[in-house]
Amino acid sequence: MMGAWFLDDVPSSRFPVYCRGNVGEIVPKMVTPLSSTVTTEAFRLAFTQMFADTGAFHAAEMVEPSITGGLFGGYLYFNLSFARSFAARAPGVRVADVDRQMFGGGEAPPFRRGPGDRSLRTKLRAARGAMRMLRRGGPDLDASRAETQAWIASIPLAPSDDELVALVAGFAPRLAVQLRELVEAGFGAAIPTSLIERVAKGAERREPGLLVKAMSGLGGIETARPAVELWRLGRTVAQYPSLTAAFDAGIDGLQDRLRAAAGADRAVAGFLERFDAFLIEHGHRGPNEVELASDTWGSDPASVLAVVERLRLSPESADPEVAAPRLAKERSEARGRLRRAVAPPLRPLITRLLETAARGTARREQAKGTIVLGVSALRRPLFLAADRLVRAGQLPDRKQFFMATVEELPKLLDDPATLGAELAARRATYEDLNDRVPPFAFEAELPDPATWPRRADRPRVTRTGPLTGIGVSAGVGRGRARVITDPRDPRGIEPGEVLVAPLTDPAWTPLFLAATAVVVDVGALQSHAAIVARELGIPAVVSVEGASRRLIDGDFLEVDGDRGTVTVLGPTADG
């Protein structure tokens, strides 16, 4: 098959099923050429080494470049066949566990066992590999964060072209190390969670939502902190009339108006001081945050103010700091009920698994945060170089800069005109593909992108009965549906509404506090939306296939995060 995009991989012949799954939460859009050629080799190296170290695969099985995943139509996919084979070979893991963790309840081609998937020798080798990994105790994530911060401090404020090329060239090896840490931390969350689901299946059936209650309000989840801090900023706006008036006048030009008023208004000055502190601490995060071409909260502060503008309208009852002790109490009580619901010999196991899953969840979010911090540091000098070429009239805009590959970067910096026609052609293809919705999963051959629906023209799906997914955060929320497709423009959502989204990354999660419940098309129990919703105490159901097309603004919904159902009660609150 010829690739739809010039950087596309060739699907594996041995492991042919690929899936967007929860990778769509990490990389929701098409990947630009510069970003993909900087990061793709790091992804391959990290994942290939990780699975090789488990002992579950022979070296001869891992020669195809797309063995663990790849780019197809310019979108990043995980290799579902490979992950399923790993589950079939690894002790204590099932194919169903991988399916549930990687893509929730979405449909994908069925698993077909291949050579080695039934081998007792392979299982024993994988068991030894797992024991080695457990004895290592996992990577030192604090040391990794400190090393990344030291590396960031070493980057020149205005690197020369040669320094920038060297910086980009050296990024993939360090990213590979951090991705390996992320995968190990992810295993530390996913495997015990899967085992808990299996052991506690009967208890969960008798009390739906018991497991997610036992995993809620953990504290120390790095990616929940921005939501809490933005909530405080929203409360500050609601407290002072001058700030309220400034926000009432609209987001456009708001930052300039605030800075102009700061000298004469202590409330405005105090708000800006806290806002600037937020950008220093969290400005590296934002939508599609591992894509080098994407703006962050720091480079696009207006997107952060748009979130604050929504949160200022939320009721005091949505305060996450008030919810935290309640969630901790409910978690402790749920864990007690969960232990009592299983056979006595299993109770110590349940306790250890819950503790391990909680620790793994926090570590996974920390590992991802370190990666995002490094990507953001590399992004800054790339933006400087791109903007310099735009100001000189050598490129039409910043996005065109990212149409070059890492190998072409020296030529682009030296003489952009030599790549002008090629970059323009790629840009046209990129915009067309990025405007389309790639298939959730495919086997052996990617469907022709010309058949993919455009995002703006996706057909509505007829609603028949309750929508089902995976309940990932306990509780029941009712409210009108508000379908949001871009976290940078959340101005439609009102207090008490249900946030309905195609996917969520960390840029979305502060909006959870503006909602009475959350519904997401994709996701799983350990996806980002699930983790943060549990931390904030917001009822949530993920992996509700087609929810953002099947639900419309104004539908009055009941979202049951215990049972994993979304019911349309009617077009109004009265039905």
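Residues numbered from 1 in each chain as written. Predicted model: local features only at pLDDT ≥ 70, side-chain atom pairs only at ≥ 80, totals over all residues. Heavy atoms only, no water.

(A) Spatial organisation of the pairing of strand 8 (residues 497-501). Most of strand 8 sits inside the fold, with 5 of its 5 residues counted as buried. Across 3 bridges, strand 7 (residues 476-483) lies against strand 8 in parallel orientation. Considered in strand 8, the bridge of Arg482 is made with Leu499. Bridge count for strand 8 against strand 9 (residues 515-520) is 5 bridges, and the pairing is parallel. Bridging from a neighbouring strand, Val500 pairs with Val519 of strand 9. (Buried < 20%, exposed > 50% of the residue type's maximum accessible area, 1.4 Å probe, protein only. Helix = DSSP H or I, 4+ residues; strand = E, 2+ residues; numbered from the N terminus. Pairing = 2+ DSSP bridges.)

(B) Structural detail: the packing of helix 2 (residues 33-54) against helix 8 (residues 171-199). Closest axis-to-axis distance for the helix 2/helix 8 pair is 8 Å, and the angle between their directions is 45 degrees. The angle between helix 2 and helix 8 places the two elements in the oblique class. For the pair helix 2 and helix 8, the crossing hand works out as right-handed. Here Val38, Thr39, Ala42, Phe43, Leu45, Ala46, Phe47, Gln49, Met50, Phe51 and Asp53 of helix 2 lie close against helix 8, whose contacting residues are Phe171, Ala172, Leu175, Ala176, Leu179, Arg180, Val183, Glu184 and Phe187. (Axes fitted to C-alpha atoms, helices over the stretch in contact; angles between N-to-C directions. Parallel < 35°, antiparallel > 145°, perpendicular 65-115°, else oblique. Left-handed = near helix turned anticlockwise from the far one by under 90°. Contact = heavy atoms within 4.5 Å.)

(C) Quick peek at helix 8. With 29 residues, helix 8 should cover 42 Å at 1.5 Å per step; its first-to-last C-alpha distance of 42 Å lies within 8% of that length. Across the 29 residues of helix 8, 21 count as buried, placing the element largely inside the fold. (Expected span 1.5 Å × (residues − 1).)

(D) Fine view of the sheet that holds strand 1 (residues 17-19). Spatially, 4 strands are ordered 2-3-1-4 in an open sheet, and the strand pairing comes out antiparallel. What marks the edges here is a single partner per strand, and that holds for strand 2 (69-72) and strand 4 (441-443). Taken pair by pair, the neighbouring strands of this sheet meet at an average axis angle of 35 degrees, ignoring direction. Examined bridge by bridge, strand 1 and strand 3 (residues 75-79) share 2 bridges and lie antiparallel to one another. Opposite Cys19, over in strand 3, you have Phe78 as the bridge partner. Contacts from helix 3 (residues 80-89) reach strand 1 and strand 3, with the element oriented near 25 degrees to strand 3.

Purely geometric numbers; function is a separate question.
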